[in-house]
Amino acid sequence: DDGPSATDQRLADLRRRLVLAVACGVPVLLLSMIPALQFRGWQWVCLVLATPVAVWSAMPFHVAAWRNLRQAEANMDTLVSVGVIAAWGWSLYALVNTVAGDLGMKMPMSLVPARGDSHHLYFEVASTTVALIVAGRYFEVKAKRRAGGALKALLALGADTANVLQADGTEINRPVSALKVGDRFVVRPGDRIATDGEVEEGSSAVDMSLVTGESVPVDVATGDAVTGATINANGRLVVRATRVGKDTALAQMARLVEAAQSGKAPVQRLADQIAGVFVPIVIVLAAATLGFWFSRTGSFTEAIGPAVAVLIIACPCALGLATPTALLVGTGRGAQLGILIKGPEVLESTRQVDTVVLDKTGTVTTGQMEVVGVTPVG
């Protein structure tokens, strides 16, 4: 056991941040949205609960936003960070400098604040937004780990050792990783073939379903090629290795799955390109909104609400989170079912498919053969 992987560590970190965001954010949301629950001094309790969410739970977004700022770039993390800081910062300012900090204050539910209304707080915006987005990241990483498990399961289908045949006819059991091209090894009935090779002695039937999808074993004899990780059904075979390590068919299949999971679909690349322009535009729109409402009302406290709303609502988290999650789950589940997807662009292009052509009958059968009729001949 090599300890937890980087994915496991990130998943555990996101889980802690999510638990804190939910545990602190839900009470803040209820207190802010339901006036009947607003006891004396409730807003200061919201400050205490929302602060660790806006600071610690949202820290990955703040770090990413700062890194992007230093490189004069912007993405969705930038928008989340700016929105959370604006909502939390304004609410803190309102508590300290306006009647919002009065112990007997209540914040009514209203779509549009009344004129001169200066005690609207946005702690629930800061905490709830962080909880939702961290939840999305958590499930994305969890799906990635599950997909990685499918890749490990695919690689685990290979044999661990091989009975290498020596010049004097004796056999030595060696790890598959030690095999070299040209080595001759013995495959007994029920064993997995250690690596890709060519049959030199014997004949048998080999279960090739891992590669071809056909449930019926294929007969092989001297001179026939066999694939590593397939199963020898009955006879004893002596196989000469032709491809080992990362050159085998199984390793190529694993690389195909890994590339499909790590690549980006066209819609993701489009989202990344849009984000670089979209985020600065949103920030400019928020500033313009602040200026417009300030010129209309003459009150900074009345203008900050619409400006913060622009920052928060403009974040297209659904596209940023749902697309990679769907790709990871799709390619990972496909690998578990024996379906290899060449890349995310291939997976996305399937929405245009209207005809499916199958090149073998085994693809559409149950894998259980039965006699359906007998026709005498001669």
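Residues numbered from 1 in each chain as written. Predicted model: local features only at pLDDT ≥ 70, side-chain atom pairs only at ≥ 80, totals over all residues. Heavy atoms only, no water.

A. Inspection of the packing of helix 2 (residues 42-57) against helix 3 (residues 59-70) at higher detail. Interaxial distance between helix 2 and helix 3 falls to 5 Å at its minimum, and their mutual angle equals 45°. On the basis of their axis angle, the class for helix 2 and helix 3 is oblique. Contacts between helix 2 and helix 3 involve Ala54, Val55, Trp56 and Ser57 from the first element and Met59, Pro60, Phe61 and His62 from the second. Residues belonging to the contact of helix 2 with helix 3 are distributed by class as follows: 6 nonpolar, 2 polar and no charged. (Axes fitted to C-alpha atoms, helices over the stretch in contact; angles between N-to-C directions. Helix = DSSP H or I, 4+ residues; strand = E, 2+ residues; numbered from the N terminus. Parallel < 35°, antiparallel > 145°, perpendicular 65-115°, else oblique. Contact = heavy atoms within 4.5 Å. Nonpolar A, V, L, I, M, F, W, Y, C, P; charged D, E, K, R; others polar.)

B. Structural view of the sheet that holds strand 6 (residues 218-220). Taking strand neighbours across the sheet as the criterion, the 3 strands line up as 6-5-8 in an open arrangement whose pairing is antiparallel. A single partner strand is all that each edge strand has here, and the edge strands are strand 6 and strand 8 (231-232). With 2 bridges joining them, strand 5 (residues 204-207) and strand 8 adopt antiparallel strand pairing. By the bridge assignment for strand 8, Val206 is matched with Asn232. (Pairing = 2+ DSSP bridges.)

C. Geometry of the sheet that holds strand 2 (residues 171-175). An order of 2-1-3-9-4-7 is seen for the 6 strands of this open sheet, with the pairing classed as antiparallel. Since the sheet does not close on itself, it has two edges, and those belong to strand 2 and strand 7 (225-226), each with one partner.

D. Examining the packing of helix 2 against helix 4 (residues 76-97) more closely. Between helix 2 and helix 4, whose axes approach to 11 Å, the crossing angle comes to 150°. Compared by their axis directions, helix 2 and helix 4 come out roughly antiparallel. The two elements helix 2 and helix 4 meet at a crossing, and its hand is left-handed. Counted together, Gln43, Trp44, Leu47, Ala50, Thr51 and Ala54 of helix 2 and Val84, Trp88, Leu92 and Leu95 of helix 4 form the full contact between these two elements. Tallied by class, the residues present in the contact of helix 2 with helix 4 amount to 8 nonpolar, 2 polar and no charged. (Left-handed = near helix turned anticlockwise from the far one by under 90°.)

E. Looking closely at the nonpolar core. Ranked by size, the top nonpolar core spans 38 residues in total, and within it Trp42, Leu121 and Phe123 carry the most contacts. In this view, Leu121 contacts Trp42, Gln43, Ser91, Ala94, Leu95, Ala100, Met105 and Met107; residues no more than four positions away in its chain are not counted. (Core = buried A, V, L, I, M, F, W, Y, C linked by side-chain atoms within 4.5 Å. Buried < 20%, exposed > 50% of the residue type's maximum accessible area, 1.4 Å probe, protein only.)

F. The side chain of Asp196, seen in detail. Relative to the elements of secondary structure, Asp196 occurs in strand 4 (residues 196-201). Of the polar contacts made by the side chain of Asp196, one reaches the backbone nitrogen of Gly228; its length is 2.7 Å. Leaving out residues up to four positions away in the same chain, Asp196 has contacts with Val226, Thr227, Gly228, Arg240, Ala241, Thr242, Arg243, Thr248 and Ala249. (Polar contact = N/O pair within 3.5 Å; in protein donor to acceptor, adjacent residues only side chain to side chain.)

G. Spatial organisation of the pairing of strand 9 (residues 237-243). Where strand 3 (residues 184-187) and strand 9 come together, 4 bridges link them in antiparallel fashion. Its bridge partner lying in strand 9, Val187 is registered against Leu237. Note: strand 4 against strand 9, 5 bridges, orientation antiparallel. Paired with Val199 across the two strands is Val239, which belongs to strand 9.

H. The arrangement of the packing of aromatic side chains in detail. Counted according to the given criterion, the structure contains 2 aromatic pairs. With a centroid separation of 5.3 Å and an interplanar angle of 35°, the aromatic rings of Trp90 and Tyr93 are classed as tilted. On the criterion of helical spacing, the pair formed by Trp90 and Tyr93 is a turn pair, its members being 3 residues apart in helix 4. Judged by its relative accessible area of 5%, Trp90 falls in the buried class. Here Phe292 and Trp293 contribute two aromatic rings whose centre-to-centre distance is 6.2 Å and whose plane-to-plane angle is 85°, an arrangement assigned as edge-to-face. (Phe/Tyr/Trp six-rings, centres within 6.5 Å; stacked < 30°, edge-to-face > 60°.)

I. Main features of a nonpolar patch on the surface. Nonpolar side chains collect at one region of the surface, where Val22, Val26, Leu29, Leu30, Met33, Ile34 and Leu37 lie side by side and expose about 510 Å² of accessible area between them. Structurally, the position occupied by Met33 is in helix 1 (residues 6-33). A relative accessible area of 31% places Met33 in the partly exposed class. (Patch = residues over 30% accessible without salt bridge, like charges linked within 9 Å, V, L, I, M, F, W, Y side chains within 5 Å. Areas by Shrake-Rupley, 256 points an atom, 1.4 Å probe, with all protein chains shown as cover. Salt bridge = Lys/Arg side-chain N within 4 Å of Asp/Glu carboxyl O.)

J. How the structure looks around the pattern of salt bridges. Considering all chains together, one arrives at 10 salt bridges under this definition. Taking the shortest distance from any N to any O, the salt bridge between Glu200 and Arg184 comes out at 2.7 Å. Of this pair, Glu200 sits in strand 4 while Arg184 sits in strand 3, and the two are 16 residues apart along the sequence. For Glu200, a relative accessible area of 29% gives the class partly exposed. Of the charged contacts, one joins Asp196 and Arg243 as a salt bridge, the two residues approaching to 3.0 Å between their closest N and O atoms. Of the two residues, Asp196 is situated in strand 4 and Arg243 in strand 9; the sequence distance between them amounts to 47 residues. Salt bridges sharing partners connect three or more residues here, namely Arg184, Glu198, Glu200, Glu201 and Arg240.

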